[in-house]
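# What the coordinates show
If you want the building blocks of each chain, they are given just below.
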Amino acid sequence: MYRLDKETGKQKFFAGDGTKSVISALISIFIGMLVGTLIVVFVGLNSDGISAKGILEGIKLIFLGLFSTGRDGGDLSFGFNVVNIGNMLFRATPLILTGLSVAVAFKTGLFNIGAPGQYLMGTAASICIALSVPTSSVPAGIVWVLAFCGGILAGALWGAVPGALKAFLNINEVITCIMTNWIAANLVTWFFDKSNLKNMTEAGKVGYTYKTSVNGVQTPGLGLDKIFAGSQVNGGIIIAVIIAVIMYVMMSKTTFGYELKACGANRHAAKYAGINDKKNIILSMVIAGGLSGSAAALYWLSGHTEFYWSTYQALPAVGFNGIPVALLAANNPIAVIFSGCFMSILNIAGMQLKTLTAYNEYITDIIIATIVYLSAFSMMIKTIINNVQKKKSEKGGEK
Amino acid sequence: MVFLIQQTMIYAIPLMIVALAGIFAERSGIINLALEGIMIFGAFCGVLFVRIMQENNVFTQQQGQLLMVAAMAVAAALGALFSLLLAFSAINLKADQTIGGTALNMLAPAFVLFFINLLTHQTAMGMYVGDAASWFMIKPSTFGLPRDHDFGFLGNLLINKVYLSTYICLILFLVLSVILYKTKFGLRLRSCGENPQAADSLGINVYKMRYAGTTISGALSGLGGFVYALTTANCASTGEVAGFGFLALAVMIFGNWTPLSTALAAVLFGLFKCIAATYASIDINGDGVAMLAQIGVSPYVYRLLPYLITLVVLAFTSKNSRVPKAEGIPYDKGSR
């Protein structure tokens, strides 16, 4: 519902739906941070090992962890830290993509809780291709492209399973996604257990695969590694942003995107209007799976991370964290870039907390979970904003 | 054989009780995706309670059974409290239940690991002294008998090297199943998951019933989480329960939302878990040959079979599955 200004005839800034989403996201973030701060204060007051100064430092790091430069003569020092920002961008890359994965499915009315499984399948495919195609006979660049596409394809196939079950048999995608997640976790562990990609040469690396850089396959830095010297950043973040823009164009400027959204709004109405709802549901999950797969590919192909393959009892957190990223962004692909970076900033703040104070990194996970919990009733926040506006306009009318 | 049955029960009991938790929530109309999270939270609370009691010497090792029952009660109570978060968002605020459940699933491990890390500076928290077997397991010495006393086949099966929690959970399962099907309360609860509007028109308070369903669900999953930690993880909390909450969800679906089939499904899935964990050394007919290891099927097959079977069963029974009709839909008095 648009509210137009009486005098200018333009849409009021606070009345736009996008603005409301941003406001409710900001409120969620604010309350989440507040909960984190309260826990830090509460724990600090109740434990002997943490002084008032320690509490203050904990709070400072939650909010400004990205700009932390360590300790300077006993006190925390803050400043422009290129290593932190570079690492933030590197960690944001998979988060943006899993966030997009959840967001695209959401637009089609599907809750893609299967991102962790799709991410794992993408991981297995891209690491396998990157390590087993010999770079002595095939140029490393081509191997990289093959591995990247392989990751996307594996994720897409894995996403297609719940999509097909939903489309043809109308089985709740949440249940099938959970099942496929754990099947993927076991399959991937099984695959690496039998493969020769396990790191057998370095002691202390039991359970890890080789880095893809062993075979010379590595995401190019595209100059970012020069700007943020000493950090893990590479060209992956640029690819992620490009993919986000493509998703935005696809969802809001093409017929296909319109059909997807129509299926999400009302599957039966869309069918009545002549849209092939089954095809669109499957395609939506395929795209979502492909995005999660690309998240895995970009993360592991960086060349300096090793995959802990014995993962049959745990699912990757980055898959689940796609959910808060998408929720915070209200499923807008462009906004996902920013919410992905925000999650990654929280991650960095968590690591600073762990190294610099008596607290640990899990406080940021509590903040993220609180944000997810709050976004479950973002509708309510929007209604409150609407009511406030109504009251204001009523008052204005009386004058 | 005795070993196989006992091991299977160790895995099946938490699955059974947590699947029943799922049934209670879903039959009242609330999708409880947070089973896993509440289990993690319940396990943490129970273990923390045991630790604190041991630290302050409230219970001696001879009173281990008493301590265990008290810890189970604490885990259940705090699990119920934790599940109120889900009930509040799903019932009062009419929020999306899957997102609310996911939030709890993310909150529980974060919260638990945060405190474990503060308390122990590690990623796991065990008992203060001793281990689960010496404190809580029923052994010949519990009855004042010598260590190698032989109870006979049935005795060995039922009272040697078992946990009292197994029987408490079995009794709870029976009692609650009867309540769900044979009492006024149970009928009302189930009606809220099928047709809340009709239930409301007959004077049933749908909100209250759904709160009851979710709270019972929270208590059972908290209890199940602690029992899991006690019997399979040596009474330690690590911020995860190895996907047992999700497996319980699969058990519930496999059991078609009814207690009896769910119990059977739990035993079946428990058997798979047990085989996957012990397949290399398991000796079914007692001829000294580890048969399953010789067949050469990878343990990962047994681990993923429960999930795969659930998928297949869902695919084949989707037409006549007994999903509670109103589950996942927030109850709004105004709509019809």
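The numbers attached to residues start from 1 for each chain and follow its sequence in the written order. As a convention, the first chain written is A and the first ligand written is 1, with the rest following in written order. Only residues with pLDDT of at least 70 are given local features in this predicted model, and only at 80 or more are side-chain atom pairs given and counted; all residues enter the totals for whole chains, interfaces and linings. The side-chain values count all of the structure's non-hydrogen atoms but skip hydrogen atoms and water molecules.

## A short note on the overall build of chain A
How we decide: Strands here are runs of E lasting at least two residues and helices are runs of H or I lasting at least four, both read from the DSSP assignment and numbered beginning at the N terminus. Here the globule rule is a power law, 2.2 Å times the number of residues to the power 0.38, and the radius of gyration is based on C-alpha atoms. Burial classes: relative accessible area under 20% of the type maximum marks a residue as buried, over 50% as exposed, and values in between as partly exposed (1.4 Å probe, protein chains only).
Scanning chain A for helices and strands turns up 15 helices and 2 strands. Relative to the globule expectation of 21 Å for 399 residues, the C-alpha radius of gyration of chain A, 23 Å, shows essentially globular dimensions. Judged by the C-alpha coordinates and their principal axes, chain A covers about 80 × 65 × 40 Å. Within chain A, the fraction of its 399 residues that count as buried is 56%.

## Side note on the packing of helix α1 (residues 2–27) of chain B against helix α8 (residues 184–194) of chain B
All names here are of chain B. Put simply, the test is: Axis lines are fitted to C-alpha atoms, over the contacting stretch for helices. Their N-to-C directions set the angle, which ranges from 0 to 180 degrees. Throughout this description, any angle smaller than 35 degrees is read as roughly parallel, any larger than 145 degrees as roughly antiparallel, any in the 65 to 115 degree range as roughly perpendicular, and the remainder as oblique. In what follows, residue pairs with any heavy atoms lying within 4.5 Å of each other are defined as contacts. Note on residue classes: Ala, Val, Leu, Ile, Met, Phe, Trp, Tyr, Cys and Pro are nonpolar, Asp, Glu, Lys and Arg are charged, and everything else, Gly too, is polar.
Taken N-terminus to C-terminus, the directions of α1 and α8 make an angle of 65°; their axes are 7 Å apart at the nearest point. Comparing the axis directions of α1 and α8 gives the class roughly perpendicular. Residue-level contacts link Phe24, Glu26 and Arg27 of α1 to Leu189, Arg190, Cys192, Gly193 and Glu194 of α8. Residue classes in the contact of α1 with α8 are distributed as 3 nonpolar, 1 polar and 4 charged.

## As for the environment of A:Ile281
Residues and elements named next belong to chain A. Structurally, isoleucine 281 can be placed in helix α11 (residues 277–300). Once the C-alpha coordinates of isoleucine 281 and alanine 164 are considered, the two residues, 117 residues apart in sequence, prove to be 7.7 Å apart. Each residue touching isoleucine 281, except ones within four places of it in the same chain, is listed here: Leu110, Gly163, Lys166, Ala167 and Arg267.

## Some thoughts on the confidence of the model for chain A
Note: predicted coordinates in regions of low pLDDT should not be interpreted at a detailed level. Applied cut-off: pLDDT measures how confident the predictor is about each residue, on a scale from 0 to 100.
Mean pLDDT over chain A stands at 85; residues scoring 70 or higher make up 93%. By mean pLDDT, the top-scoring element of chain A is α11(A) (94), and the lowest-scoring one is helix α15 (residues 378–398) of chain A (70).

## Regarding the packing of helix α11 (residues 244–254) of chain B against helix α12 (residues 259–278) of chain B
Residue and element names in this part refer to chain B. In plain terms, the rule: Here is the rule for handedness: rotate from the far helix to the near one, and if that takes an anticlockwise turn smaller than a right angle the crossing is left-handed, while a clockwise turn gives right-handed.
Between α11 and α12, the least distance of the axes is 8 Å, while the angle of their chain directions is 135°. On the basis of the axis angle, α11 is oblique to α12. The hand of the α11/α12 crossing is right-handed. Note on element contacts: α12 touches α11 through Thr262, Ala265, Ala266, Leu268, Phe269 and Lys273, opposite Phe244, Leu247, Ala250, Val251, Met252 and Phe254. Each residue belonging to the contact of α11 with α12 can be placed in one class, and the counts come to 10 nonpolar, 1 polar and 1 charged.

## Considering the nonpolar core
The cut-off we apply is this: We define a nonpolar core as any set of buried Ala, Val, Leu, Ile, Met, Phe, Trp, Tyr and Cys residues linked to one another through side-chain atoms lying within 4.5 Å. Just so you know, the domain bounds were taken from an automatic or database domain assignment.
Core analysis: the largest hydrophobic core is formed by 219 residues, its most contacted members being A:Leu100, A:Ile113, A:Ile178, B:Phe114, B:Phe136 and B:Phe226. Among the elements that make up this core, the one with the highest residue count is helix α3 (residues 82–107) of chain A (14 residues). Both domains that meet at this core, namely domain 1 (13–80 + 380–398) and domain 2 (82–337) of chain A, each give it at least three residues. The contact partners of A:Ile113, leaving out residues within four places of it in the chain, are A:Val174, A:Cys177, A:Ile178, A:Asn181, A:Phe320, A:Ile323, B:Leu33 and B:Thr102.

## Here's the deal with the pairing of strand β1 (residues 68–72) of chain A
Residue and element names in this part refer to chain A. In plain terms, the rule: Here, any two strands with at least 2 DSSP bridges between them count as paired.
Pairing geometry for β1 and strand β2 (residues 75–78), over 3 bridges, is antiparallel. Within β2, the residue paired with serine 68 across the bridge is phenylalanine 78. A loop of 2 residues connects β1 with β2, the two strands running antiparallel in sequence, and glycine 73 in this loop sits at a positive phi of about 60°.

## Some thoughts on the pattern of salt bridges
Pairing is possible between side chains of opposite charge, provided their charged atoms come close. Residue and element names in this part refer to chain A. For clarity, the cut-off: Salt bridges are identified by distance alone: a Lys or Arg side-chain nitrogen within 4 Å of an Asp or Glu carboxyl oxygen.
Across all of its chains, the model carries 5 salt bridges over all chains by this definition. One salt bridge in this structure joins glutamate 173 and lysine 166, with 3.4 Å as the shortest N-O distance. In terms of burial, glutamate 173 and lysine 166 fall into one category: buried. Residue aspartate 277 is joined to arginine 267 by a salt bridge in which the shortest nitrogen-to-oxygen separation is 2.9 Å. Of the two residues, aspartate 277 sits in helix α11 while arginine 267 sits in helix α10 (residues 267–272), which places them 10 residues apart along the sequence.

## Details of the interface of chain B and chain A
Formally: As a working definition, buried area equals the accessible area (1.4 Å probe) given up by two parts on being put together, with both sides summed.
Taken together, the contact between chain B and chain A spans 44 residues of the former and 44 residues of the latter. Taken over both partners, the interface formed by chain B and chain A buries close to 3900 Å², and the fraction arising from carbon and sulfur atoms is 81%. Our count for the chain B to chain A interface comes out at 0 salt bridges. Among the secondary structure elements, those contributing two or more residues to the side of chain B that touches chain A are α3 (64–92), α4 (97–120), α11 and α14 (299–317) of chain B. Top element by residues in the side of chain B that touches chain A is α4(B). It accounts for 15 residues.

## Description of α11(B)
All names here are of chain B. Burial runs high along α11: 10 of the 11 residues are buried. Listed as buried for α11 are Phe244, Gly245, Phe246, Leu247, Ala248, Leu249, Ala250, Val251, Met252 and Ile253. Trailing α11 by a residue or two, asparagine 256 shows a phi angle of about 55°, which is positive.

## Things to note about the domain arrangement of chain A
Residue and element names in this part refer to chain A. For clarity, the cut-off: Counted as a polar contact is a pair of N or O atoms within 3.5 Å, where, for protein atoms, one must be capable of donating a hydrogen and the other of accepting one, and residues adjacent in sequence contribute only when both atoms are in side chains.
Under the domain assignment used here, chain A contains domain 1 (13–80 + 380–398) and domain 2 (82–337). Put simply, the middle of domain 1 and the middle of domain 2, counted by C-alpha atoms, are 30 Å apart. Counting residues at the interface gives 7 residues for domain 1, matched by 6 residues for domain 2. Between domain 1 and domain 2, the buried area comes to about 580 Å², and carbon and sulfur atoms account for 74% of it. Taken as a group, Ala25, Leu66 and Phe80 account for 68% of the area that domain 1 buries against domain 2, more than any other trio of residues on that side. Inspection of the region where domain 1 meets domain 2 yields 0 salt bridges. Here domain 1 is connected to domain 2 by 1 residue pair in polar contact (both at pLDDT 80 or more). Sort the elements by how many residues they give to the side of domain 1 that touches domain 2 and helix α1 (residues 17–46) lands first, with 3 residues. Among the residues making up the side of domain 1 that touches domain 2, the classes are represented as 4 nonpolar, 3 polar and no charged.

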